[in-house]
Amino acid sequence: MTAASAGRPGPAGAGGGGAAGQRRADVVQLAGELFAQKGFRATTVREIAEAAGILSGSLYHHFDSKESIGDEILSSFINDVLADYRAAVASAGSPRDVLEQIVRSTSRTLARHRAALAMLQNDWSHFAAQPRFSYLRKAVSEIERTWVTQLERGQESGMFRADLDPRLTYRLLRDVLWIPSQWRLTGGYSTDQVADGLLQLLFHGITA
């Protein structure tokens, strides 16, 4: 899946193989770690270059700006998340099956993109205000529509409770699903265990 799937062109200069491609990938990974730790706005190009062991000027051989690095990290993350959601909807399963597939696949995707998730949580207001990152708002809207649609389908079929507020239900579950995944490691829980626990609460509650 490409960045165009999120409603935008691919990052400039993306791709490439060999040593240059590996160096680029290393820069992206190191920058993502810094963005997650310090915040996107607080991290400088110089700090990224120092972490990568290169001069600041050399960094511009790979990226034209710090925003281009952030763009590559975030667009890759968003495209993977949207792919999870679209695949679940395309399966044409019951509302419960679709939501279960979303929870399981997205949990794994979030675990692979911890830096991007931290960037969005720490600096969402910054990204949301930048025209370059307008695809993020579009993606969030698609994600919400998907959840609300499946919850409404379930209500119409009698599978889900009629008194649920689909939008509120989505927002409550979203915050549980999208919380930082680091605690899953320190807490001794695997990604699949977290998904199982969320689905158990979603479909069975806690009452005996």
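Just so you know, these numbers come straight off a predicted model, no measurement behind them.

Calculation rules
- Residues numbered from 1 in each chain as written.
- Predicted model: local features only at pLDDT ≥ 70, side-chain atom pairs only at ≥ 80, totals over all residues.
- Heavy atoms only, no water.
- Helix = DSSP H or I, 4+ residues; strand = E, 2+ residues; numbered from the N terminus.
- Buried < 20%, exposed > 50% of the residue type's maximum accessible area, 1.4 Å probe, protein only.
- Core = buried A, V, L, I, M, F, W, Y, C linked by side-chain atoms within 4.5 Å.
- Contact = heavy atoms within 4.5 Å.
- Salt bridge = Lys/Arg side-chain N within 4 Å of Asp/Glu carboxyl O.
- pLDDT = per-residue confidence, 0-100.
- 1 Å grid on protein atoms, 1.4 Å probe; cavity = no way out; pocket = protein on both sides within 12 Å on 5 of 7 lines; lining within 4 Å.
- Points joined across faces, edges and corners; volume = space filled by probe spheres on them.
- Nonpolar A, V, L, I, M, F, W, Y, C, P; charged D, E, K, R; others polar.
- Phe/Tyr/Trp six-rings, centres within 6.5 Å; stacked < 30°, edge-to-face > 60°.

Comments concerning unusual backbone geometry
Reasoning step 1: Residue Ala92 is not a glycine yet carries a positive backbone phi of 55°.
Reasoning step 2: Mapped onto the elements, Ala92 comes out in the loop between helix 4 (66-90) and helix 5 (95-112).
Reasoning step 3: Look at Ala92 and you get exposed, because its relative accessible area is 67%.

Considerations on the nonpolar core
Reasoning step 1: Ile69, Leu74, Phe77, Trp147 and Trp178 are the most contacted members of the largest nonpolar core, which has 46 residues in total.
Reasoning step 2: Going through the elements one at a time, helix 1 (18-38), helix 2 (45-52), helix 4, helix 5, helix 6 (114-128), helix 7 (134-157), helix 8 (166-177) and helix 10 (191-204) are the ones with two or more residues in this core.
Reasoning step 3: Of all the elements, helix 4 adds the most residues to this core, at nine residues.
Reasoning step 4: For Trp147, the contacting residues outside a window of four places in its chain are Tyr85, Leu99, Ile102, Val103, Tyr170, Leu173 and Leu177.

What about the pattern of salt bridges?
Side-chain pairing between opposite charges can occur once the charged atoms of the two side chains come close.
Reasoning step 1: Summed over the entire model, instances satisfying the criterion amount to 14 salt bridges.
Reasoning step 2: The partner of Glu72 in a salt bridge is Arg24, with the nearest N and O atoms 2.5 Å apart. In this pair, Glu72 is assigned in helix 4 and Arg24 in helix 1, connecting sequence segments 48 residues apart.
Reasoning step 3: For Asp80, the salt bridge identified is with Arg112, shortest N-O distance 3.7 Å. Taken together, the residues Asp80 in helix 4 and Arg112 in helix 5 connect sequence positions 32 residues apart.
Reasoning step 4: Beyond isolated ion pairs, a larger network of salt bridges with shared partners links Glu100, Arg104 and Asp196.

A closer look at the confidence of the model for the chain
Reasoning step 1: Per-residue pLDDT for the chain has a mean of 86; in total, 88% of the residues score no lower than 70.
Reasoning step 2: Low pLDDT, under 50, characterises residues 1-5; the stretch is placed with 14 contacts to residues that sit more than four places away or in other chains.
Reasoning step 3: Predicted confidence for residues 9-14 stays below pLDDT 50, and this span has nine contacts to residues more than four positions away or in other chains.

Considerations on the layout of surface pockets
Reasoning step 1: There is about 510 Å³ of room inside the largest pocket.
Reasoning step 2: Along its surface, the largest pocket is lined by 17 residues, and Leu164, Leu201, Leu202, Phe203 and His204 are the ones closest to its centre.
Reasoning step 3: Residue assignment for the lining of the largest pocket shows that the elements contributing at least two residues are helix 5, helix 8 and helix 10.
Reasoning step 4: Per-element tally for the lining of the largest pocket: the top contributor is helix 10, with five residues.
Reasoning step 5: Its residues placed into classes, the lining of the largest pocket shows twelve nonpolar, three polar and two charged.
Reasoning step 6: What the second largest pocket holds in volume is close to 340 Å³.
Reasoning step 7: Surrounding the second largest pocket, Ile78, Leu117, Leu120, Gln121, Trp124, Val140, Ile143, Tyr170, Arg174, Asp175, Trp178 and Ile179 form its lining.
Reasoning step 8: Residue assignment for the lining of the second largest pocket shows that the elements contributing at least two residues are helix 6, helix 7 and helix 8.
Reasoning step 9: The greatest single-element share of the lining of the second largest pocket, amounting to four residues, is contributed by helix 6.

Overview of the environment of Thr44
Reasoning step 1: Among the secondary structure elements, Thr44 is positioned in the loop between helix 1 and helix 2.
Reasoning step 2: Along the sequence, Thr44 and Lys66 sit 22 residues apart, while their C-alpha atoms lie 7.7 Å from each other.

Observations concerning the packing of aromatic side chains
Reasoning step 1: Following the criterion strictly, the structure yields seven aromatic pairs and no others.
Reasoning step 2: Taken together, a centroid distance of 6.3 Å and an interplanar angle of 45° make the contact between Phe133 and Tyr135 tilted.
Reasoning step 3: A relative accessible area of 1% means that Phe133 is categorised as buried.
Reasoning step 4: Here Tyr135 falls in the buried class, since its relative accessible area comes to 1%.
Reasoning step 5: When the ring of Phe160 is compared with that of Phe203, the centres are 6.3 Å apart and the planes differ by 20°; the resulting orientation is stacked. Highlighted residues: Phe160 in the loop between helix 7 and helix 8 and Phe203 in helix 10, separated in sequence by 43 residues.

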